[in-house]
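Fold and geometry: a report
Each chain, written out:
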Amino acid sequence: MANIFKLLTSFLLISVFSTVQAQTLTIGIVPQQSAKKLARLWTPICTYLSEKIGHEIRFSTANDIPTFEKRVLEGQYDIAYMNPYHYTVFHERPGYNAIAKQKDKKIKGILVVPKDSPLTKLEELDGSTLAFPAPAAFAASVLPRAKMAKDGIKITPKYVSSHDSVYLTVSRNIFPAGGGVQRTLNNTASDVSDKLKVLWTTPGYTPHAIATHPDLDNSIKNKLQKALVEMNSDPEGQALLKSINFKGMELAKDKDWDDVRDLNITLLEHLLK
């Protein structure tokens, strides 16, 4: 009986220890597209990575980019997929650290117009109201607005929450043009994307970061980084990356985003005070 009691006690201790060690992590995905679409694309990736690292990773996003920014600032996500400018801000506070990024990729913003639009150059947008996802959407908003401001093209921005909303409203001629990125345009339903064309493309910059909260255990962070990069050589991982239009994953370090820092963007500077 004493031996049985010892065995039961050992089993319970092991179970408790395992429960304590296993963590449920949350990954926050910047809401460039609808929550429903992002969940469809990223939940299988979360499941895949959960199996690889031995910790459940739960998908999360926000209704709009400003809400996402607030949650990242508050450190609500253990892992976050954020735009290049967001990363430069939230690396400062609360201290997210980049571990991976899309392989062989430079992010470029685009301005789309209806396919039958007579517009052929940016100057023709002067005096127009244009659609953008959010003020601090890096490639889809910050870069094209900065270019037009530099060239003296005066526009009124209208923020419509997501890339999908930009494409939808422009395709319906609600706005003459709007900002996005090629990847999200490629992921948009064909009944919308087929009604659009790209008017202008920005120069390229370091793409979105996959970054971890500073409080995340280093062993988990290292396992996650390894799992992300090894997706490149795993058929299942390759298929999942293809589903989000990624060519692959590569290791990332903080200084990779110095090209973005050199732009001296101050839109979210107030969050660091």
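I will try to describe carefully the structure that is included in this document. Note that the structure is a prediction, hence the values are computed from the model and not measured.

Reading guide: rules and limits
Residues numbered from 1 in each chain as written. Predicted model: local features only at pLDDT ≥ 70, side-chain atom pairs only at ≥ 80, totals over all residues. Heavy atoms only, no water. Buried < 20%, exposed > 50% of the residue type's maximum accessible area, 1.4 Å probe, protein only. Helix = DSSP H or I, 4+ residues; strand = E, 2+ residues; numbered from the N terminus. Core = buried A, V, L, I, M, F, W, Y, C linked by side-chain atoms within 4.5 Å. Contact = heavy atoms within 4.5 Å. Polar contact = N/O pair within 3.5 Å; in protein donor to acceptor, adjacent residues only side chain to side chain.

In terms of burial, helix α6 (residues 163-171) is a largely internal element, seven of the nine residues being buried. Listed as buried for α6 are H163, D164, V166, Y167, T169, V170 and S171. Remark: N173 follows α6 within two positions and exhibits a positive phi of approximately 65 degrees.

A word on the nonpolar core. Among the nonpolar cores identified, the biggest contains 60 residues, and L49, I57, M82 and L228 are the most heavily contacted of them. It is helix α2 (residues 35-53) that contributes the most residues to this core, eight residues altogether. Excluding anything up to four places from it in sequence, I57 contacts L25, I27, C46, L49, S50, I79 and L224. Within the second largest apolar cluster, 13 residues are counted, among which are L111, L130, F132 and L199.

Examined against the element boundaries, T88 turns out to sit in helix α4 (residues 84-92). Within the structure, the side chain of T88 is placed 2.7 Å from the backbone oxygen of Y85, a separation counted as a polar contact. Apart from the residues lying within four places of it in its own chain, the contact partners of T88 are W257, V260 and R261.

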